[in-house]
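Coordinates in review
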Amino acid sequence: MSINFKDKDMVATYKAWDNMKRRCLNPSCRSYKYYGARGINVCDRWLDSFDNFLADMGKRQGRKELDRIDNDCDYTPGNCRWATKSEQSRNKRCKGYTFNKYHNKYEARCKRNGFKHFIGYYDTADEAHEAYLAFKQEIDAEKAVI
């Protein structure tokens, strides 16, 4: 398919597809550390076919951006959507922990699938991070069973 460069939404859609691949595949890309280096991949259906990407996602409308619904999973038709900046701001990776000044401890927490999970308070950042990772592994194992 040839791109109609007079259609701004089509050009933006093509750029989103191209940027997605660059983030996941090109270690020279500034964003690679957040995508490819973390194991985020592009599905085979989209990897070499803009036409397949376009058929699955449709053209980008307005100011929406390509967004992964589960930020720990790959770019696939079932895990991607066009989202506004506001929608994207509510869909971030779990940091895992933060320092709670009131309790003077590290608080492990996570937001998954729209639900907030309090994991616990810990004396060190390492303990909080380990608790977060264990919790995340447990949730991922539950997902695999479903």
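Here the structure is shown first, and the text comes after it.
Here's what I pulled together on the structure shown here. Just so it is clear, the structure is predicted and the values come from calculations on it, not from any experiment.

Within the largest apolar cluster, 20 residues are counted, with the highest numbers of intra-cluster contacts made by Met20, Trp46, Phe50, Phe53, Met57, Leu66 and Tyr75. With near-sequence residues (within four places) excluded, phenylalanine 53 lies in contact with Thr13, Trp17, Met20, Trp46, Gly58, Leu66 and Trp82.

Moving on: the packing of aromatic side chains. In the structure shown here, the tally under the stated rule is 10 aromatic pairs. When the centroid spacing of 5.4 Å and the interplanar angle of 50 degrees are considered together, the rings of tyrosine 14 and tryptophan 17 count as tilted. Taken together, the positions of tyrosine 14 and tryptophan 17, both in helix H1 (residues 8-25) and 3 residues apart, correspond to about one turn of that helix. Using a relative accessible area of 31% as the deciding quantity, one classes tyrosine 14 as partly exposed. Of the residues examined, tryptophan 17 reaches a relative accessible area of 6% and is grouped as buried. On the basis of an interplanar angle of 65 degrees and a centroid distance of 5.1 Å, the ring pair of tyrosine 14 and phenylalanine 50 is categorised as edge-to-face. Separated by 36 residues along the polypeptide, tyrosine 14 in helix H1 and phenylalanine 50 in helix H3 (residues 50-57) bring together distant segments of the chain. Directly above the aromatic system of tyrosine 35 lies the positively charged group of arginine 23, at a separation of 5.0 Å from the ring centroid.

Right, let's get into the pattern of salt bridges. Evaluation of the coordinates by the stated rule reveals 8 salt bridges. The partner of glutamate 65 in a salt bridge is arginine 60, and the shortest N-O contact between them spans 3.5 Å. The class for glutamate 65 is partly exposed, based on a relative accessible area of 28%. In this structure arginine 60 comes out as buried when scored by relative accessible area, which is 17%. The residue lysine 136 makes a salt bridge to aspartate 72 at a minimum N-O spacing of 3.7 Å.

This next bit is on the side chain of arginine 60. Counting through the fold element by element, arginine 60 comes out in the loop between H3 and strand E1 (65-68). Side-chain polar atoms of arginine 60 contact the backbone oxygen of lysine 64, separated by 3.2 Å. Among residues more than four places away in sequence, those in contact with arginine 60 are Asp9, Ala12, Thr13, Glu65 and Trp82.

Glancing now at unusual backbone geometry. With a phi angle near 55 degrees, asparagine 104 is a residue other than glycine that sits in the positive phi range. Locating asparagine 104 in the fold gives a position in the loop between strand E3 (97-100) and strand E4 (105-112). Judged by relative accessible area, which is 57%, asparagine 104 ranks as exposed.

Right, let's talk about the packing of H1 against H3 for a bit. Put simply, H1 and H3 touch, their axes get as near as 11 Å, and they point 115 degrees apart. By the angle between their axes, H1 is roughly perpendicular relative to H3. By crossing handedness, the relation of H1 to H3 is classed as right-handed. Taken together, the residues of H3 that come into contact with H1 (itself represented by Met10, Thr13, Tyr14, Trp17 and Met20) are Phe50, Phe53 and Leu54.

Cut-offs used in this document
Residues numbered from 1 in each chain as written. Predicted model: local features only at pLDDT ≥ 70, side-chain atom pairs only at ≥ 80, totals over all residues. Heavy atoms only, no water. Core = buried A, V, L, I, M, F, W, Y, C linked by side-chain atoms within 4.5 Å. Buried < 20%, exposed > 50% of the residue type's maximum accessible area, 1.4 Å probe, protein only. Contact = heavy atoms within 4.5 Å. Phe/Tyr/Trp six-rings, centres within 6.5 Å; stacked < 30°, edge-to-face > 60°. Helix = DSSP H or I, 4+ residues; strand = E, 2+ residues; numbered from the N terminus. Lys NZ or Arg CZ within 6 Å of the ring centre and 35° of its normal. Salt bridge = Lys/Arg side-chain N within 4 Å of Asp/Glu carboxyl O. Polar contact = N/O pair within 3.5 Å; in protein donor to acceptor, adjacent residues only side chain to side chain. Axes fitted to C-alpha atoms, helices over the stretch in contact; angles between N-to-C directions. Parallel < 35°, antiparallel > 145°, perpendicular 65-115°, else oblique. Left-handed = near helix turned anticlockwise from the far one by under 90°.

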